[in-house]
Amino acid sequence: MCIHMTRLDSPKNIARYYNMSITPDLFGRWVLVRRWGRIGRGGSQLMQSFDEEADAEDVAREILRKKQKRGYEGR
């Protein structure tokens, strides 16, 4: 799973991105990796581990829903 979202609003000088991906790690757990920041700049990163892939997907769906409410559009 890989999601890329952006929020663009030129009059307000907003140009932001938010990326999420879910990958397995070497120990059999699932990692939700989130990256965000201003487009064209370095950003921040957060990694969360889960025992089950479904748990990571549930968290990712909730984050996606919240970001869409704030004006992010994704693919």
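Residues numbered from 1 in each chain as written. Predicted model: local features only at pLDDT ≥ 70, side-chain atom pairs only at ≥ 80, totals over all residues. Heavy atoms only, no water.

### Considering the overall build of the protein chain
Secondary structure assignment for the protein chain yields one helix and five strands. Counting from the amino terminus, the protein chain carries its helices and strands in the arrangement β-β-β-β-α-β. In terms of its C-alpha atoms, the protein chain occupies a principal-axis envelope of roughly 45 × 25 × 15 Å. In the protein chain, which comprises 75 residues, the proportion classed as buried is 27%. Long-range pairs, those at least 24 residues apart, make up 33% of the contacts in the protein chain between residues at least 6 apart in sequence. (Helix = DSSP H or I, 4+ residues; strand = E, 2+ residues; numbered from the N terminus. Buried < 20%, exposed > 50% of the residue type's maximum accessible area, 1.4 Å probe, protein only. Contact = heavy atoms within 4.5 Å.)

### Observations concerning the side chain of Ser 21
Looking at the secondary structure, you find Ser 21 in strand β2 (residues 14-24). Taking the relative accessible area as the measure of exposure, Ser 21 reaches 15% and is therefore buried. Non-local contacts of Ser 21, meaning those with residues more than four positions away in its chain, are made with Met 1, Cys 2, Val 31, Leu 32 and Val 33.

### Digging into the environment of Arg 16
Of note, Arg 16 is situated in strand β2. Judged by relative accessible area, which is 31%, Arg 16 ranks as partly exposed. When the C-alpha positions of Arg 16 and Gly 40 are compared, they lie 8.9 Å apart, and in sequence the two are 24 residues distant. The residues touching Arg 16, leaving out its near neighbours within four places in the chain, are Met 5, Thr 6, Arg 7, Trp 36, Gly 37, Arg 38, Ile 39 and Tyr 72.

### Quick word on the nonpolar core
Counting eleven residues, the largest nonpolar core is built from Ile 3, Met 5, Tyr 18, Met 20, Ile 22, Leu 32, Phe 50, Ala 56, Ala 60, Ile 63 and Tyr 72. Put simply, the parts of the chain that give this core at least two residues each are β1 (2-9), β2 and α1 (53-69). When near neighbours in sequence (up to four residues on either side) are disregarded, Tyr 72 contacts Met 5, Thr 6, Arg 7, Arg 16, Tyr 17, Tyr 18 and Lys 67. (Core = buried A, V, L, I, M, F, W, Y, C linked by side-chain atoms within 4.5 Å.)

### Some details on the pairing of β1
Pairing geometry for β1 and β2, over eight bridges, is antiparallel. Paired with Cys 2 across the two strands is Ser 21, which belongs to β2. Adjacent in sequence and paired antiparallel, β1 and β2 are bridged by four residues, among which Asn 13 carries a positive phi angle near 60 degrees. Across two bridges, the pairing between β1 and strand β5 (residues 73-74) is antiparallel. Paired with Thr 6 across the bridge in β5 is Glu 73. (Pairing = 2+ DSSP bridges.)

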